[in-house]
Amino acid sequence: MRADLHVHSSASDGTDPPAEVMRRAAQAGLDVVALTDHDTVAGHAEARAAAGRLSLLPGLELSCQLGGRSLHMLAYLFDADQPELAAELARIRDDRVIRARAMVDRLAGLGVAVTWEQVAEIAGSAVVGRPHIARAMAASGAIASPREAFTRDWIADGGRAYVGRYALDPVRAIGLVRAARGVTVLAHPRAGRDTYVPDEQIAGLAAVGLAGVEVNHPDQSDNERDKLLALVHDLALVATGGSDDHGSLTGHRLGAETTAADAYEALVSRARPGGSVP
Ligand SMILES: [Zn+2]
Ligand SMILES: [Zn+2]
């Protein structure tokens, strides 16, 4: 069984619509795919309709912050209509618009000819994010390709035009998702200097109900994966994996990283004790 539990679509900052993501997932030989767009479940219906023989695991990637650092939390199998969770997701999405507008203003101040209208048009119905601003910057000729926007000169974390955002406390995120009958997995805790989550913090999250840690991720070295596996074992958590595919933005890599069958089953049974694997 091949399960990729971390995939984005154009419902957030991926480049491919959900149906296309599912088509590519089938092509990549996957059996299970989790659609985990940032702070939205808007892509789930289209993905489900296009799933065919694939199992779609409904998911989400929540923007969180701990000790002044950003941290991403994957959530699965929750009830998206649960009022508290739905309200929190709406708040995060509203803030994304405020923040994107503020970054566009800063770019204008730096002489970049990008307008909010252009960014909004590129984002369309998607949850607006930095990749949409990056594409507008490239279209304006300020940079040669969207990737170049993610430097300290522009909109990388701490960059000249960067604006921080409202983000959930991860302990609250875990509680919200649990209240909605779902499970949480800490995303890519060792993917880089800006996103390093130390052992003690992971243990703290495990103590309040974290179900798993994403061990297999393209940006995590073998050395970090080994250390995470040992920690996951000590804390009795589930080790997951996913490609974090964003379509052409990351290079198509669906299925490049996967979750083992027993880990997938363990994750599902934490959300649905005694229930069946979807
Ligand atoms: Zn992430
Ligand atoms: Zn992601």
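Residues numbered from 1 in each chain as written. Chains lettered and ligands numbered in written order. Predicted model: local features only at pLDDT ≥ 70, side-chain atom pairs only at ≥ 80, totals over all residues. Heavy atoms only, no water.

1. Comments concerning the overall build of the protein chain
Stage number 1. When helices and strands are counted, the protein chain shows 9 helices and 7 strands.
Stage number 2. Its C-alpha atoms give the protein chain a radius of gyration of 18 Å, within 12% of the compact-globule value 19 Å for 278 residues.
Stage number 3. Projected onto the principal axes, the alpha-carbon positions of the protein chain cover approximately 55 × 40 × 40 Å.
Stage number 4. Within the protein chain, contacts between residues separated by at least 24 positions form 67% of all contacts whose residues are at least 6 apart in sequence.
Stage number 5. Just so you have it, the protein chain exposes about 11,600 Å², and 49% of that area is on carbon and sulfur atoms.
Stage number 6. Of note, the protein chain has its 28 positive side-chain charges centred 2 Å away from the centre of its 36 negative side-chain charges. (Helix = DSSP H or I, 4+ residues; strand = E, 2+ residues; numbered from the N terminus. Rg over C-alpha atoms; globule rule 2.2 N^0.38 Å. Contact = heavy atoms within 4.5 Å. Areas by Shrake-Rupley, 256 points an atom, 1.4 Å probe, with all protein chains shown as cover. Lys, Arg positive; Asp, Glu negative; His and termini not counted. Charge placed at Lys NZ, Arg CZ, Asp CG, Glu CD.)

2. A few points about the coordination of the zinc ion (ligand 1)
Stage number 1. For the zinc ion (ligand 1), the full set of protein donor atoms is E61 (OE), H72 (ND1) and H188 (NE2), at a range of 2.0 to 2.1 Å.
Stage number 2. Read in sequence order, the donor residues coordinating the zinc ion (ligand 1) give the pattern E-x10-H-x115-H.
Stage number 3. A spacing of 3.5 Å is found between the zinc ion (ligand 1) and the zinc ion (ligand 2), which share E61 as a donor. Note that E61 is positioned in strand β3 (residues 55-66) and H188 in the loop between β5 (183-186) and α7 (199-207), a separation of 127 residues in sequence.
Stage number 4. Look at E61 and you get buried, because its relative accessible area is 1%.
Stage number 5. H188 sits in the buried class, given a relative accessible area of 8%. (Donors = N, O, S within 2.8 Å, 3.2 Å for Na, K, Ca; no water. Buried < 20%, exposed > 50% of the residue type's maximum accessible area, 1.4 Å probe, protein only.)

3. Looking at the coordination of the zinc ion (ligand 2)
Stage number 1. The protein atoms that coordinate the zinc ion (ligand 2) are H6 (NE2), H8 (NE2), E61 (OE) and D244 (OD), at distances spanning 2.1 to 2.2 Å.
Stage number 2. The coordination sphere of the zinc ion (ligand 2) comprises 4 donor atoms, whose angles at the metal cover 80 to 171 degrees; the geometry is irregular.
Stage number 3. Mapping the donors of the zinc ion (ligand 2) onto the primary sequence gives the spacing H-x1-H-x52-E-x182-D.
Stage number 4. Relative accessible area serves as the criterion here: at 7%, D244 is assigned to the buried category. (Tetrahedral: all angles 85-135°; square planar, octahedral: opposite > 155°, others 65-115°.)

4. Quick word on the pairing of strand β6 (residues 212-216)
Stage number 1. Counting buried positions along β6 gives 4 out of 5 residues, so the element sits mostly inside the fold.
Stage number 2. Of the strand pairs in this sheet, β5 and β6 are connected by 2 bridges, and their pairing is parallel. When the bridges of β6 are listed, L186 appears paired with V213.
Stage number 3. Pairing geometry for β6 and strand β7 (residues 238-241), over 4 bridges, is parallel. Paired with V213 across the strands is A239, a residue of β7.
Stage number 4. After leaving β6, the chain enters helix α8 (residues 222-234) and then returns to the sheet as β7, a path that is right-handed. (Pairing = 2+ DSSP bridges. Right-handed = clockwise from strand over helix to strand, strands pointing away.)

5. Points about the pattern of salt bridges
Stage number 1. Summed over all chains, the structure comprises 12 salt bridges.
Stage number 2. When salt bridges with common partners are traced through the structure, they connect R190, D199, E224 and K227 into a single cluster. (Salt bridge = Lys/Arg side-chain N within 4 Å of Asp/Glu carboxyl O.)

6. What to know about the layout of surface pockets
Stage number 1. Of the volumes computed, that of the largest pocket is approximately 1,300 Å³.
Stage number 2. Residue lining of the largest pocket: 42 residues in total, with H72, R130, F150, D157 and T195 positioned closest to the centre.
Stage number 3. Elements that contribute at least two residues to the lining of the largest pocket include exactly β3, β4 (69-76), α3 (83-109) and α5 (130-140).
Stage number 4. Classifying every residue of the lining of the largest pocket gives 11 nonpolar, 16 polar and 15 charged. (1 Å grid on protein atoms, 1.4 Å probe; cavity = no way out; pocket = protein on both sides within 12 Å on 5 of 7 lines; lining within 4 Å. Points joined across faces, edges and corners; volume = space filled by probe spheres on them. Nonpolar A, V, L, I, M, F, W, Y, C, P; charged D, E, K, R; others polar.)

7. Points about the environment of A120
Stage number 1. Considering the arrangement of structural elements, one finds A120 in helix α4 (residues 116-123).
Stage number 2. Taking relative accessible area as the criterion, A120 reaches 29% and is therefore assigned partly exposed.
Stage number 3. Distance from A120 to H132, taken between C-alpha atoms, is 8.0 Å for residues 12 residues apart in sequence.

8. Observations regarding the sheet that holds β6
Each strand in a sheet pairs with its neighbour through backbone hydrogen bonds, running either in the same direction (parallel) or in the opposite one (antiparallel).
Stage number 1. Reading across from one edge, β1-β2-β3-β4-β5-β6-β7 is the order of the 7 strands in this open sheet, with mixed pairing throughout. Edge positions in the sheet fall to β1 (3-7) and β7, since each has one partner strand and no second. This sheet shows a mean twist of 35 degrees between the axes of neighbouring strands, independent of strand direction.
Stage number 2. Of the pairings in the sheet, the one linking β3 to β4 comprises 8 bridges and is antiparallel in character. Across the sheet, L62 pairs through a bridge with M73, a residue of β4. (Axes fitted to C-alpha atoms, helices over the stretch in contact; angles between N-to-C directions.)

9. Observations concerning the environment of L71
Stage number 1. Relative to the helices and strands, L71 resides in strand β4.
Stage number 2. Looking at L71, the relative accessible area reads 5%, which means it is buried.
Stage number 3. Sequence-wise, L71 and D194 are 123 residues apart; in three dimensions their C-alpha atoms are separated by 9.2 Å.
Stage number 4. If near-sequence neighbours (up to four positions away) are discounted, L71 is found in contact with L62, S63, C64, Q65, L66, P170, L186 and V197.

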